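# Structural overview
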Amino acid sequence: MSVKSPNSWEARAEANSFYGFTDLPSVHERGTVVLTHGKGPYIFDTNGKSYLDGNSGLWNMVAGFDHPGLIATAQAQYAKFPGYHSFFGRMSDQTVMLSEKLVEVSPFARGKVFYTNSGSEANDTMVKMLWFLGRHEGHPERRKIITRVNAYHGVTAVSASMTGKPYNSVFGLPLPGFIHVGCPHYWRFGQAGETEAQFTARLARELEETIIKEGPDTIAGFFAEPVMGAGGVIPPSKGYFQAVHKVLKKYGIPLISDEVICGFGRTGNTWGCQTYDFMPDAIISSKNLTAGFFPMGAVILGPELTDRLQAASEAIEEFPHGFTASGHPVGCAIALKAIDVVMNEGLAENVHKLTPLFEGGLKRLAENPNIGEWRGKGLMGALEAVKDKATKTPFDGSLSVSERIANACTDHGLICRPLGQAIVLCPPFIMTEAHMDEMFDKLEKALKKVFKEVA
Ligand SMILES: *Cc1c(COP(=O)(O)O)cnc(C)c1O
């Protein structure tokens, strides 16, 4: 569809940029969408075409693409103190204030915060903290990390090992000692005749059997997203976190909530662990933390891990870890503003207001005979394409049904994301009812077109 003259943006993009997480044949055929700017929930390409971004960028641009308050905050902080580190007993005033704020809005009575540049690095950092603790406390064998099939925790060697997706095998990952237990997706993995409660109990049993088989004293931690994001928006089965937390507590294994997507309002509460009513030992935050205006991640430690890590660090005089830009003053100033914008300027309320409309739209489109289920929580949702609704049989993978739906949406001026055979929506919190209608109308057109082609 794109005419790729050598000087076109499309050709120049492909000539010099090495793409990640991108289907190359599809890019060669359709061309790269090169973007110039954004306005509210819309983005604009070099041809002047606009797209409603139903995915908030990559789950993170919750305040849209031109939020004046966030831009002004960034500009002011750049003018005042454009960069500094957090090593050697120095840190910016913005960093101090953000840590206070994060502990205040966390579910923890008290805690401490450590900064990174991304969600992957925050998970990586948490794993190093747990390894460090094990060694300091006389359990150097306590190194294994348990996560779930379909989990997404990032792309560094450690966080990719935690990620439960088959594509990491091209790197020879996971590393040894990274264990994946079952995915709590009842619709897909529930067995014939199994109730949801029985399914949840089976997963908890599987976790306990895994812990016993591996040796309880070899497990450093269990990481989970409250709602799996890049696995295809998978809310847990009923009672899942209560059941697995009971098992983890029995063996003294920390539960780490990876809130990189769920944090700051996405599921309808500040944290996903509040939506699902469990108290983790630590929280991993990124993406929404800065509303996507700065690359930043954070490990937020609950009281017990705070005390244990503080003691371990005092004993050797330092925690030998940190990134050059950890606690960057501009990132921290933006995060402070982003938290304020989401929690106090009506965005969190808007999530509540829009959720019934969002669920209504998903439910309506799920009436399509080729949609097997709709699922979601708050403003994250998915529609699962199936060849046969009754048997839940997926389409032949070679048909690339979800990619075709996403491409048809792009043609109509809507960005949504294919994940497996699902179409994922994760709209910005600033959407209006009219934006919601536009999103579902465009998606409906795309679904009709593609299902007609593949029927
Ligand atoms: C995106 C994501 C990460 C990784 O964050 P990056 O900033 O891309 O490194 C980790 N965990 C979850 C749940 C994510 O969605």
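To start, this report covers the structure provided alongside it. (Residues numbered from 1 in each chain as written. Predicted model: local features only at pLDDT ≥ 70, side-chain atom pairs only at ≥ 80, totals over all residues. Heavy atoms only, no water.)

## Notes on the packing of helix α4 (residues 68–80) against helix α13 (residues 329–344)
Orientation of α4 relative to α13, taken along the N-to-C sense of each, is 150°, at an axis distance of 9 Å. The angle between α4 and α13 places the two elements in the roughly antiparallel class. In this structure, α4 crosses over α13, and the sense of that crossing is right-handed. Residues Gly69, Leu70, Thr73, Ala74, Gln77 and Tyr78 of α4 touch α13, and the partners they reach there are Pro329, Val330, Ala333, Ile334, Lys337 and Ala338. Classifying every residue of the contact of α4 with α13 by side-chain character gives eight nonpolar, three polar and one charged. (Axes fitted to C-alpha atoms, helices over the stretch in contact; angles between N-to-C directions. Helix = DSSP H or I, 4+ residues; strand = E, 2+ residues; numbered from the N terminus. Parallel < 35°, antiparallel > 145°, perpendicular 65-115°, else oblique. Left-handed = near helix turned anticlockwise from the far one by under 90°. Contact = heavy atoms within 4.5 Å. Nonpolar A, V, L, I, M, F, W, Y, C, P; charged D, E, K, R; others polar.)

## Comments concerning the site of the ligand
Inspection of the region around the ligand gives Ser118, Gly119, Ser120, Asn123, Tyr152, His153, Gly154, Glu225, Asp258, Val260, Ile261 and Lys287 as its neighbouring residues. Between Gly119 and the ligand, the recorded distance is 2.9 Å, taken from a backbone N or O atom to an oxygen atom. Here a nitrogen atom of the ligand and a side-chain polar atom of Asp258 are 2.8 Å apart. Starting from 380 Å² of accessible surface for the ligand in isolation, the protein chains cover 84%. Broken down by element, the shell around the ligand gets its largest block of residues, three residues, from helix α6 (residues 119–136). (Near = heavy atom within 4 Å. Polar contact = N/O pair within 3.5 Å; in protein donor to acceptor, adjacent residues only side chain to side chain. Areas by Shrake-Rupley, 256 points an atom, 1.4 Å probe, with all protein chains shown as cover.)

## Observations regarding the state of the cysteines
Applying the stated criterion across every chain, the model contains zero disulfides. Cysteine Cys416 remains unbridged, with the sulfur of Cys409 as its closest cysteine sulfur at 3.5 Å. Since its relative accessible area comes to 7%, Cys416 is described here as buried. (Disulfide = S-S within 2.5 Å. Buried < 20%, exposed > 50% of the residue type's maximum accessible area, 1.4 Å probe, protein only.)

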